[in-house]
Each structure stands twice: as C-alpha cells, then as structure tokens.
Amino acid sequence: MVLKNASILVVDDDADVLNALRLLLKPLVKEVIVEKNPNNIHSHLNKYSLDAVILDMNFSGLVNTGNEGIFWLNEIKRLKPELSVILMTAYADIDLAIRSLKEGASDFLMKPWKNEKFVETISSIIGSKKSSSKTKQNISSNSIEIIGSSDSMNDVFVKLKKVAPTDANVLILGENGTGKDLIARALHDNSNRKHKPFIKVDVGALTSTLFESELFGYKKGAFTGANEDRQGRFEAANGGTLFLDEIGNISLGQQVRLLTVLQNREVNPLGSNKAIPIDIRLICATNEDPKSLADEKKFRKDLIYRINTVDIIIPPLRERGTDITELAHHFVTVYAEKYNKSAFSFDSGFISKLKKHDFPGNVRELQYVLERAVIMTDGNVLKPEDLVFSTIERTTTSKPVESTSLNLDDVEKNTIKMVLEKHKGNVSKSAKELGITRAALYRRLEKYEL
C-alpha cells in the first residue's frame, strides 16, 4: 500500500477527531503524529520527515471563517513547499474550498468524513507525490539519487530532461561539492547512450606528460615503460559518454590538443600514425567562474564553443532553501543504516543550525558533517551540538588556525585547513597555493581526515 511508509501529522483542537484519525490511520501508515496546538507545527516540521499534514481550518477563533487554517497552510508551504496539506472543516463552503486549493492545499475534506473516502484521498495524494518524486529521480540518475525540490534545483531537473536525450555537448558549472559528477552521470543515464560506457577523467589532476597518454592512449614502445598497447579514455568511451572533470584547469597546450580531437572526431595514440574514429557525447565540468573561462589568456574561446553547446549551472547549497532539510533526512538515514544504528529524529534546533551555516563545501560538506554526527551521537535524537563545522568552514579572516603543536603533521594539517578556508574549499586553488598537485592535496585530505 502507498501509505505503508508514510508519516502523517494531524493538527486539530478536537481530541475526539485526533483519536479517531489516529485509530483510522495507525494500521495503514508508518507513523501518525497528532497535535492539538497549531503553534507546535514548526517543531514537528523540523523533527519529522513528513509526507502529509491533515490540518483543521478552525481553532481558537469564535467565527468559523477558516482563516486560521489558511494561515497555517501558508506557514507550512513557506517552510516546506513540497509537503502535501489536506484541509478539514465541519463548515461546508465552496468558496472556502476554492480559496484553500488556490493557496496550495492538496485537497479539502468535510467533517464528518467517511473512512473509506478519507483513506482513498490520502492514498491518492501521497501516491501521486511519491510517483512524481520517483520520476524526478529517474530523470536525475538511474544509479544515484539526486535530492532536491527547491526552485533552483527544479530548474536543473527541467534542463536535464530536455538535454539528456540529445547528443549535445554539456558544460556543468558549479562550486566544489555541488554534485557536478552526479549531474554528468544523470545526463548519461537518461540519454540514448545509457547502455554504452560512461568514462570519467579528472583532467585537472593529469600532468602534461600523462594528459595525452591517458586521453588518447599509446602503442607499445611509444616511450620508456610503454610495454604494451593501452587504450585511451576517448577510445574507451566510444559509443558512450566521456566526462572531463575540472576542465578549467588544463593548460593552453592541452586545450589545443583536445580541440583538435573534438574537431576531427578521431584520436592518434602516442606512437601511432593511424587515426582511430571516435563517437562520444562530451560532458565537461569546472568550478571556475565563467568569467575566467572567457579570458583567452586562460582558456581558448574556440574550445569553449565546442564543449558548451548547453551549460547547466548547479546552485550552491546555501541557495537551495528547503533542500537542506531533505538532504539531512536522506544522509542521516543512509548513515544510520551504514553504522547499524536505529532511526534518528531531529531536535527542533538541529535543522535551524544547519540552515544558518553557509556550507562552503556544499553537499559534500553537509554529507561529512551528518556522517560524523551519526557516528558520534549517543542517543537517537540529533541535537545542534552534534553538528561540528570544522573542516572548511567559511571564515571572515584568513588567520591561520591556532596551534601550539610543532609536530610536522599538525603543522601541515593546520596549514592545509587555513588555505582551504582562505579559498572557500576550492581544492584546485588551494593546491596551487600550497605548491602541490590536486592529487597530492586529496591524499593529504584523506590522511588527515579533512
């Protein structure tokens, strides 16, 4: 049954109504939360991952206008736009019903209700919502769930749906940790090439000597150590999708080589004079500001035109509003299962603290913060104090992290944290300032569990 895994909040000042609905719904749903005081709605929205709210339209008012119900409907929709709200009233009024639906209610029910009709209405609303959610995730990716219902993410989903079935080259723009690789995978999974290879290359981490051999392959004897033929990534992706991540970090020389391959639609492995035809769909991604890509001293315009038939801009987490709550519930559920812990609920201040943080590391930072919270907390209620933003938290100064330790590992760790803070989590810029490669910085991040 659709309702089996649903969580429903019922808000009504009549104890008999609450008891009746609790008895009716309890055998059918995962959980029923009942509340007499509408002023407590905010805390329930923060604490529970709800599928629907059943809301009375009249509470303390002497006149049964339904204005209280409309007020709380608007409040719920302001805080949780995606949440289904079913309004109830004992006073039939067609104008009131129309008004409530215009304000965003999913349906309007009369008291007294018929149990069969009531359950049918709730099932239909929740079933429709889950079906819509599943479709959105399928549009996003068949392999990894992409979560988000904010306006900014809906814009991304709309673009994905239009672009994915085509062979258009796509440039994905966004800060570190926003999920550019997931969007690339979603484009492939929803394309006509989905049964062919999806090959990802972090070109920003390739040295100039490795760039050509990794992308275009080589023949045995092409250089010292080339003991056998090796297929390049372009050839490996033939018929499918090639995803070049961190494209904004490659040199002008590498850009020329890449442009030639894209124009000719063929590669020449190192040590070979025989061209190999390629048929790929190209997706690129970068965390660079689009303005820097327009600087011809850094990036060739002819290459930009070639890779950027369509661009998709992934919004930073701080601009995604209610998505933070959705993502929090998702990651906490994932890590509770991973670490064999019981289901968690959220203290009223937990989500509030999350929303106040600006997440320079975006979804990746949120994920790590919540994993740590699940591991370290002793109970099954996550509280504000369980959230520790210590890795790449944005600061208003560039002062070094204070430390009295002269241990070389501690000094290196603190220096890395300071540079990451300075560059707001941008790994490429941090690696450049530290004088090491991105790959070397990633190894140190793993070493120090940053």
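Above this text you will find the structure in question.
The residue count restarts for each chain, going from 1 along the sequence in the order it is written. Confidence filtering applies because this is a predicted model: local features only for residues at pLDDT of at least 70, side-chain atom pairs given and counted only at 80 or more, and all residues used for totals across whole chains, interfaces and linings. In computing side-chain values, all of the structure's heavy atoms are included and hydrogens and water are not.

Asks: Tell me what's going on with the pattern of salt bridges, and back it up with residues and numbers.
Replies: Salt bridge, as applied in this entry: a Lys or Arg side-chain nitrogen positioned within 4 Å of an Asp or Glu carboxyl oxygen. Tallied over the entire structure, the rule returns 15 salt bridges. Residues D189 and R185 are paired through a salt bridge, measuring 3.3 Å at the closest nitrogen-oxygen approach. Placement of the pair is D189 and R185 together in helix α7 (residues 180-189), with a separation of four residues, close to one helical turn. Any residue under 20% of the maximum accessible area for its type is buried, any over 50% is exposed, and the rest in between are partly exposed; the area is computed with a 1.4 Å probe on protein chains only. Under the relative-accessibility criterion, D189 is labelled buried at 6%. Assessed through its relative accessible area of 28%, R185 is described here as partly exposed. Among the ionic contacts, a cluster of salt bridges with common partners joins D12, D56 and K111. Secondary structure elements are taken from DSSP: a helix is a run of H or I of four residues or more, a strand is a run of E of two residues or more, and numbering for both begins at the N terminus.

Asks: Account for the pairing of strand β1 (residues 7-11), with residues named and values stated.
Replies: Taken across its five residues, β1 has five buried, putting it largely inside the fold. Should DSSP find at least two bridges between two strands, the strands are regarded as paired. Across five bridges, β1 lies against strand β2 (residues 31-35) in parallel orientation. Within the sheet, the bridge partner assigned to L9 lies in β2 and is I33. Looking down the strands as they point away from you, a crossover is right-handed if its path from the first strand over the helix to the second goes clockwise. What joins β1 to β2 is helix α1 (residues 15-25), and the crossover it makes is right-handed. Judged from the four bridges that link them, β1 and strand β3 (residues 52-56) form a sheet pairing that is parallel. Paired with V10 across the strands is I54, a residue of β3.

Asks: So what about the sheet that holds β1? Which residues, and what values?
Replies: Strand pairing in a sheet relies on backbone hydrogen bonds. The paired strands run either parallel or antiparallel. Reading across from one edge, β2-β1-β3-β4-β5 is the order of the five strands in this open sheet, with parallel pairing throughout. The sheet terminates laterally at β2 and β5 (107-110), the two strands that pair on one side only. Neighbour-to-neighbour, the strand axes of this sheet turn through a mean angle of 20°, independent of strand direction. Here, two residues are considered to be in contact whenever any of their heavy atoms come within 4.5 Å of each other. To get an axis, a line is fitted to the C-alpha atoms, and for a helix only the part in contact is used. The angle between two axes follows their N-to-C directions and goes from 0 to 180 degrees. The sheet strands contacting α1 are β1, β2, β3 and β4 (84-89), and the helix crosses β2 at an angle near 175°.

Asks: Any chance you could break down helix α14 (residues 348-356) for me, citing the residues and the numbers?
Replies: Of the residues making up α14, those classed as buried are F350, I351 and L354. Looking down the long axis of α14, one finds its buried residues gathered within 85° of arc, a one-sided arrangement. On its buried face, α14 sits against α2 (41-47), α13 (323-338), β15 (345-346), α15 (362-376) and β16 (381-382). Under the rule applied, a polar contact is a pair of N or O atoms within 3.5 Å (in protein, one hydrogen donor and one hydrogen acceptor; residues adjacent in sequence only if both atoms are side-chain atoms). Where α14 begins, the side chain of D347 points an oxygen toward the backbone nitrogen of G349, at a separation of 2.9 Å. Comment: arc refers to directions from the helix axis out to C-beta atoms.

Asks: Got a sec to walk through the side chain of Q254? Specific residues and values, please.
Replies: Counting through the fold element by element, Q254 comes out in helix α10 (residues 252-264). One polar contact links the side chain of Q254 to the main-chain amide nitrogen of S251, over a distance of 2.9 Å. Ignoring sequence-local partners within four residues, the contact set of Q254 consists of L206, T207, S208 and F211.

Asks: How would you sum up the packing of helix α17 (residues 427-434) against helix α18 (residues 438-447)? Please name residues and give values.
Replies: As a packed pair, α17 and α18 sit with axes 9 Å apart at the nearest point and diverge in direction by 100°. One finds that α17 runs roughly perpendicular with respect to α18. Along its contact with α17, which presents V427, S428, S430, A431 and L434, the element α18 presents R438, L441 and Y442. Polarity classes work like this: nonpolar for Ala, Val, Leu, Ile, Met, Phe, Trp, Tyr, Cys and Pro, charged for Asp, Glu, Lys and Arg, and polar for all others, with Gly in that last group. Taken together, the residues of the contact of α17 with α18 sort by class into five nonpolar, two polar and one charged. Under this scheme an angle from 65 to 115 degrees is roughly perpendicular, one under 35 degrees roughly parallel, and one over 145 degrees roughly antiparallel; angles in between are oblique.

Asks: Give a detailed account of the sheet that holds strand β6 (residues 170-173), specifying residues and quantitative values.
Replies: Read across the open sheet, the five strands follow the order β7-β10-β13-β6-β14; overall the sheet is parallel. Either end of the sheet is taken by a strand with one partner, and the two such strands are β7 (198-202) and β14 (310-313). Neighbour-to-neighbour, the strand axes of this sheet turn through a mean angle of 20°, independent of strand direction. Where β6 lies against strand β13 (residues 281-286), four bridges are found, and the strand directions are parallel. Each bridged residue has a counterpart across the sheet, and for I172 the counterpart in β13 is A285. Contacting β6, β7, β10 (241-245), β13 and β14, α7 runs over the sheet at an angle of about 155° to β6.

Asks: Kindly report on α18, identifying the contributing residues and their values.
Replies: Helical geometry note: an α-helix holds 3.6 residues per turn, so side chains three or four residues apart project in the same direction. The complete set of buried residues in α18 reads R438, A440, L441 and L445. Each buried residue of α18 lies within a common arc of 160° when the element is viewed along its axis, so the set occupies one face. Facing away from the buried side of α18 by over 90 degrees, the exposed positions are R443, E446 and K447.

Asks: Account for the packing of helix α6 (residues 151-163) against α7, naming residues and giving values.
Replies: At a minimum axis distance of 9 Å, the contact between α6 and α7 shows a crossing angle of 35°. Classified by chirality, the crossing of α7 by α6 is right-handed. Contact residues: V156, L160 and V163 in α6; I183, A186 and L187 in α7. Throughout, a crossing is termed right-handed when the near helix is turned clockwise from the far one, and left-handed when it is turned anticlockwise from it by less than a right angle.

Asks: Residues and numbers for the nonpolar core, please.
Replies: Think of a nonpolar core as a cluster: buried Ala, Val, Leu, Ile, Met, Phe, Trp, Tyr and Cys residues, connected wherever their side-chain atoms sit within 4.5 Å. Ranked by internal contacts, the top residues of the largest apolar core, which has 29 residues, are V203, F234, L242, L244, I247 and I307. If you list the elements that add at least two residues to this core, you get β6, β7, α8 (208-216), β10, α10, β13 and α12 (301-307). When neighbours within four sequence positions are excluded, L242 is seen to be in contact with I199, V201, R233, F234, A237, I280, R281, L282 and I283. Formed by 24 residues, the second largest nonpolar core is a distinct cluster that contains I324, A336, F350 and L366.

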